[in-house]
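# Architecture and fold: a report
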Amino acid sequence: MKQARVVELCSQMARLKLLLAAMVCGFVASLGTGTISSGSGIGIPEINHYGYPLAWLVTNLNGPTEYVLTNLVIDAAFWITVSFVTFVFLEKIAFPSLGIVMNRKTLLLLVVLFIPLGLVMDIAHEAGHALWGSVVGGKLTYMKIAYLEIYPQLVLTSEFQLGLARVEDLPYASFAHGLMLMGGSMTTNIASWIIALVLLNVSLGNKIQIALKFLGLFGILDLPFYVVFPQVGLGHWIFLGGACGPEPLTGARMIGIPDPAFYGIVALSTLGLVLLYSKTLRESAWTRIGALLHS
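Described in the following lines is the structure provided in the data block. (Residues numbered from 1 in each chain as written. Predicted model: local features only at pLDDT ≥ 70, side-chain atom pairs only at ≥ 80, totals over all residues. Heavy atoms only, no water.)

## Notes on the overall build of the protein chain
The secondary structure content of the protein chain amounts to eight helices and five strands. Secondary structure of the protein chain in N-to-C order comes out as α-β-β-β-α-α-β-β-α-α-α-α-α. Per-residue burial over the protein chain gives 36% buried out of 295 residues. Long-range contacts, defined here as pairs at least 24 residues apart, represent 54% of the contacts in the protein chain between residues at least 6 apart. Working note: accessible area of the protein chain is about 17,000 Å², and carbon and sulfur atoms make up 70% of it. (Helix = DSSP H or I, 4+ residues; strand = E, 2+ residues; numbered from the N terminus. Buried < 20%, exposed > 50% of the residue type's maximum accessible area, 1.4 Å probe, protein only. Contact = heavy atoms within 4.5 Å. Areas by Shrake-Rupley, 256 points an atom, 1.4 Å probe, with all protein chains shown as cover.)

This is the structure in structure tokens:
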């Protein structure tokens, strides 16, 4: 009885720690959206609205800055909920599958690495557009990640954009244009395969393994997220990006790949990556296949 009580108390403490971490991340995220234009409100050039999902910061070139505290509270509650659900998913499903032990040090490491690793894969995505577009005869004219304009000049800007690469001189809806559109998510997908092969064949330290698995996770999700979410009105990363629609699917159509075939390719690639990254799922799959073959 006493042991069960101790176990229950430890479980409650673990949930409390997750909730506190979610509150910190959610509050920071809601404040961070104050630098992201929401596009809401009346379209007056000198008035800008910032915040997501509700605009809580309104700047006016001809007047004072306005803070909508009610919207900020709602945004904070929204991001705290998102953070908590994400942490629970990572602890109960994702981390056990990836062989990562969820503890305070791991959680702190991932919180610290979340933005840098996300930006690394974001750069890989946009560089993929530039690379594949250039290979088929296009010309890179502009590239930006978050607040950093990378090309034609390296400079910090005041406006946030998840990622943008403009490749010109490609006939619209041509094979070349389609390959350029597919190039972003195709590159992050290839990067995830390379990371998976490194993890399988090279002995690395625990922290490096966790960082690479987390980086690879961004690459695994990039392609299916970009295919599915924009078709149901969400962003590429649920709340951000993907304003141009299901970019990889659009590119595949331009190339001439039938939708069912492309969906099948995305599903098989994603499944293959999940099995490579998850030793637990991989062993379970082999056990089931072996049982079927010997039945």
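## Some details on the side chain of asparagine 71
In this structure, asparagine 71 sits in helix H2 (residues 69-98). Only 2.7 Å separates the side chain of asparagine 71 from the backbone oxygen of alanine 55, close enough to count as a polar contact. If we ignore the near neighbours within four places in the chain, the residues touching asparagine 71 are Leu54, Ala55 and Trp56. (Polar contact = N/O pair within 3.5 Å; in protein donor to acceptor, adjacent residues only side chain to side chain.)

## Brief notes about the packing of aromatic side chains
With the rule as written, the count across this model stands at seven aromatic pairs. Seen in terms of ring centroids, tyrosine 147 and phenylalanine 160 are 5.5 Å apart; in terms of plane orientation they differ by 65°. Their pairing is edge-to-face. One end of the pair, tyrosine 147, is in strand S4 (residues 139-151); the other, phenylalanine 160, is in strand S5 (residues 155-168), and 13 residues separate them in sequence. Every member of this aromatic cluster is reached through a ring pair, and the members are Tyr52, Phe78 and Trp79. (Phe/Tyr/Trp six-rings, centres within 6.5 Å; stacked < 30°, edge-to-face > 60°.)

## What about the sheet that holds strand S1 (residues 47-50)?
The antiparallel open sheet is built from three strands, whose spatial order is S1-S2-S3. In this open sheet, the two edge strands, each paired with only one partner strand, are S1 and strand S3 (66-67). Of the pairings in the sheet, the one linking S1 to strand S2 (residues 57-60) comprises four bridges and is antiparallel in character. When the sheet's bridge partners are listed, isoleucine 47 is paired in S2 with asparagine 60. (Pairing = 2+ DSSP bridges.)

## Structural notes on the side chain of asparagine 189
Within the secondary structure, asparagine 189 is located in helix H4 (residues 175-201). Side chain to side chain, asparagine 189 and serine 269 meet in a polar contact 2.8 Å long.

## Description of unusual backbone geometry
The general pattern is negative phi for most residues beyond glycine and trans for most peptide bonds. A cis amide bond links tyrosine 52 with the next residue in sequence, proline 53, at an omega value of 5°. Here proline 53 is to be found in the loop between S1 and S2. That bond from tyrosine 151 to proline 152 is cis: its omega, 15°, falls within 30 degrees of zero. Tracing the backbone shows proline 152 in the loop between S4 and S5. Despite not being glycine, aspartate 169 shows a phi value in the positive range, around 70°. With respect to the helices, strands and loops of the structure, aspartate 169 is situated in the loop between S5 and H4. What makes aspartate 169 exposed here is its relative accessible area of 58%.

## Some points on helix H3 (residues 104-135)
It helps to recall that an α-helix has 3.6 residues per turn; residues three or four apart then point in one direction. Over its 32 residues, H3 runs 45 Å from end to end, which matches the ideal 46 Å to within 8%, given 1.5 Å per residue. Taken as a whole, H3 carries its principal kink of about 45° at phenylalanine 114; the proline proline 116 stands between one and four residues after it. (Expected span 1.5 Å × (residues − 1). Bend = angle between axes of the 7 residues up to and from the residue.)

## Topic: the nonpolar core
Among the nonpolar cores identified, the biggest contains 23 residues, and Phe87, Leu117, Ile195 and Tyr277 are the most heavily contacted of them. When contributions to this core are tallied by element, the ones reaching two or more residues are helix H1 (2-32), H2, H3, H4, helix H5 (206-228) and helix H7 (259-277). The contact partners of leucine 117, leaving out residues within four places of it in the chain, are Ala211, Phe214, Leu215 and Phe218. Of all hydrophobic cores here, the second largest spans 10 residues; its members include Leu140, Ala165, Val167 and Met254. (Core = buried A, V, L, I, M, F, W, Y, C linked by side-chain atoms within 4.5 Å.)

## Examining the environment of glycine 256
Counting through the fold element by element, glycine 256 comes out in the loop between helix H6 (247-255) and H7. Residue glycine 256 is classed as exposed on the basis of its relative accessible area of 53%. In the structure, glycine 256 is positioned 78 residues away from glycine 178 in sequence and 8.9 Å away in space, judged by C-alpha atoms.

## Points about H7
An ideal rise of 1.5 Å per residue puts 27 Å on 19 residues; H7 measures up with 27 Å between its terminal C-alpha atoms. Within H7, the full set of buried residues consists of Phe262, Val266, Ser269, Thr270, Gly272, Leu273 and Tyr277. Axial view of H7: buried residues confined to an arc of 160°, hence all on one face. For H7, the exposed residues lying more than 90 degrees away from the buried face are Pro260 and Leu268. (Arc of directions from axis to C-beta.)

## Examining a nonpolar patch on the surface
On the surface, a nonpolar cluster with roughly 430 Å² of combined accessible area is contributed by Met13, Leu16, Leu19, Leu20 and Met23. Position of leucine 16 relative to the elements: it lies in helix H1. Accessibility expressed as a relative area gives 41% for leucine 16, which makes it partly exposed. (Patch = residues over 30% accessible without salt bridge, like charges linked within 9 Å, V, L, I, M, F, W, Y side chains within 5 Å. Salt bridge = Lys/Arg side-chain N within 4 Å of Asp/Glu carboxyl O.)

The values are spatial; any link to function lies outside them.
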